[in-house]
Amino acid sequence: MTIRQALDELRLPPLRDREEMLHLFEQEVFGPLPAPVPVSGQVLETREDDCAGKAVRQSVRLSLHFADGDFCMPILLTLPRVQPKALLFHLSFKRELPNEYCLTEEIVDSGYAVCQLCYLDVSSDDTNGCDGLAARFIGEDFDHRTTSKISLWAYAVSRTIDYLKTREDTRSLPIVLIGHSRLGKTALWCSANDGRVDVCYANESGCAGTSLSRRKEGETVADIYRVFPHWFVPAYEKYAGNEEGMPFDQHFLLALTAPRPLYCGSAIGDLWAWPRNEFLGMCAASPAFASGLAFDEGAPLPDFGQPFRLHGGGVGYHLRTGTHFLSREDYNTFYPWLEKQLGL
Ligand code: GTR
């Protein structure tokens, strides 16, 4: 079967105007992001000898100034002593270091500054957890019925970018947003809403991320909504078992990063995310980009049991061996493609 035939078989809705696609994802999947508020940052601690003395690490408290009081969350900045190529914004599962998904010394050695924000410092990953930023919206304009935790996490990334744009040392660095799995979904949604994300890398983001829902194996809409309803608005549930009835599919979400570069990493053993549909999602989104994924429609559908990479366009993809993880190999495979996009 060719890639074209595999895409045709899915009978995907054709890509639409940006505003329509954004609206569909707000209405039917993640809910809208709250309105921006002013942000300020206070450096709480500076460590001059981070990464064997090659970088300075700062712990910063960000304050989001809402009319009814501030919401504060910590971020961690690692700033190389030499001029960085870009800033990798790592949306993180945890706050503590070391972080197996974000090896700061290696990232610094590869030439990048790092900003880490832990999603749990925004709001818990819990169906009934109206804590943190979620508490601001419960009973007001937003509760998790009108927006989702994924929207709140994405919102927090954007407010952090507001702050990064106020700092002399980070303001002009390209922002490369990286998220793995549920945080890959969040990175895609943030990038869809915020054009200041210069490059978006969603690693193994699977269902509701890069993986098309139609004919998906592994995790389905029913599975994900049953376990994680708080990632979505309730409208999404109606597509459980009715993926064919969706007026969209995940290629709409991916296309919302266009014309900026977009990257996806998949793993052969990550069958829950279903690499075949992650790859086809990237193919289907490609027409929205000036330079899409460099694939040949008439070529045979790749063997998803073998690693491969497609680095020839502004949409990039790799499939590696192994299981669900944001690995060194993912970073090291991503960098050469990223540097092309950054014009280095
Ligand atoms: C799983 C979820 C996936 C993925 C993953 C993760 O339990 O079903 O969609 O997001 O969590 O975030 O590690």
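The present account deals with the structure reproduced in this document. Given the structure is predicted, the values throughout are model-derived calculations rather than measurements.

## Comments concerning the pattern of salt bridges
Thought 1: Under the definition given, this model contains 26 salt bridges.
Thought 2: Close ionic contact of Arg-215 with Glu-9 constitutes a salt bridge, the shortest N to O distance being 3.3 Å. Placement of the pair is Arg-215 in the loop between β7 (199-203) and α8 (221-227) and Glu-9 in helix α1 (residues 3-10), with a sequence separation of 206 residues.
Thought 3: Classification of Glu-9 as partly exposed rests on a relative accessible area of 30%.

## Remarks on the site of the ligand
Thought 1: Lining the immediate environment of the ligand, one finds Phe-93, Ser-181, Arg-182, Lys-185, Glu-219, Ile-224, Phe-228, Trp-231, Trp-272 and His-324.
Thought 2: Residue Lys-185 places a side-chain N or O atom 2.8 Å away from an oxygen atom belonging to the ligand.
Thought 3: Taking His-324, its side chain carries an N or O atom lying 3.3 Å from an oxygen atom of the ligand.
Thought 4: Bound to the protein, the ligand loses 81% of the 310 Å² it would expose on its own.
Thought 5: When the residues that make up the shell around the ligand are grouped by side-chain class, the tally is 5 nonpolar, 2 polar and 3 charged.

## Describing helix α6 (residues 149-164)
Thought 1: Across its 16 residues, α6 extends 23 Å between first and last C-alpha, which sits within 8% of the 22 Å expected from 1.5 Å per residue.
Thought 2: Of all 16 residues that make up α6, 16 are buried, and the element is covered over most of its length.

## Structural notes on the environment of Ala-235
Thought 1: Along the chain, the position of Ala-235 falls in the loop between α8 and α9 (250-255).
Thought 2: Take Ala-235: its relative accessible area is 22%, and that puts it in the partly exposed class.
Thought 3: Along the sequence, Ala-235 and Val-29 sit 206 residues apart, while their C-alpha atoms lie 6.8 Å from each other.

## Structural notes on the packing of aromatic side chains
Between two aromatic rings, the relevant description is the distance of the centres plus the angle of the planes.
Thought 1: For the structure on display, the rule yields 27 aromatic pairs.
Thought 2: On the basis of an interplanar angle of 40° and a centroid distance of 6.1 Å, the ring pair of Phe-25 and Phe-30 is categorised as tilted.
Thought 3: Ring geometry for Tyr-101 versus Phe-325: centroids 4.9 Å apart, planes at 75°, classification edge-to-face. Of the two residues, Tyr-101 sits in the loop between β4 (86-92) and α4 (104-109) while Phe-325 sits in the loop between β10 (315-320) and α11 (328-341), which places them 224 residues apart along the sequence.
Thought 4: On the accessibility criterion, Tyr-101 (15% relative accessible area) is buried.
Thought 5: Take Phe-325: its relative accessible area is 31%, and that puts it in the partly exposed class.
Thought 6: Taken together, the aromatic side chains of Phe-25, Phe-30, Trp-189, Tyr-225, Phe-228, Trp-231, Phe-232, Tyr-236, Tyr-239 and Phe-248 make up a single cluster linked through ring pairs.
Thought 7: Above the plane of the ring of Tyr-155 lies Arg-159, whose end atom (NZ or CZ) is 4.8 Å from the centre.

## A few points about the nonpolar core
Thought 1: Phe-89, Trp-189, Tyr-236 and Phe-279 are the most contacted members of the largest nonpolar core, which has 94 residues in total.
Thought 2: In terms of residues, this core owes the most to one element, α6, which gives 10 residues.
Thought 3: When near neighbours in sequence (up to four residues on either side) are disregarded, Phe-89 contacts Cys-115, Leu-117, Val-157, Thr-160, Ile-161, Leu-164, Ile-175, Val-176, Leu-177 and Ile-178.

Conventions we followed
Residues numbered from 1 in each chain as written. Predicted model: local features only at pLDDT ≥ 70, side-chain atom pairs only at ≥ 80, totals over all residues. Heavy atoms only, no water. Salt bridge = Lys/Arg side-chain N within 4 Å of Asp/Glu carboxyl O. Helix = DSSP H or I, 4+ residues; strand = E, 2+ residues; numbered from the N terminus. Buried < 20%, exposed > 50% of the residue type's maximum accessible area, 1.4 Å probe, protein only. Near = heavy atom within 4 Å. Polar contact = N/O pair within 3.5 Å; in protein donor to acceptor, adjacent residues only side chain to side chain. Areas by Shrake-Rupley, 256 points an atom, 1.4 Å probe, with all protein chains shown as cover. Nonpolar A, V, L, I, M, F, W, Y, C, P; charged D, E, K, R; others polar. Expected span 1.5 Å × (residues − 1). Phe/Tyr/Trp six-rings, centres within 6.5 Å; stacked < 30°, edge-to-face > 60°. Lys NZ or Arg CZ within 6 Å of the ring centre and 35° of its normal. Core = buried A, V, L, I, M, F, W, Y, C linked by side-chain atoms within 4.5 Å. Contact = heavy atoms within 4.5 Å.

Interpretation in functional terms is not warranted from these geometric data alone.
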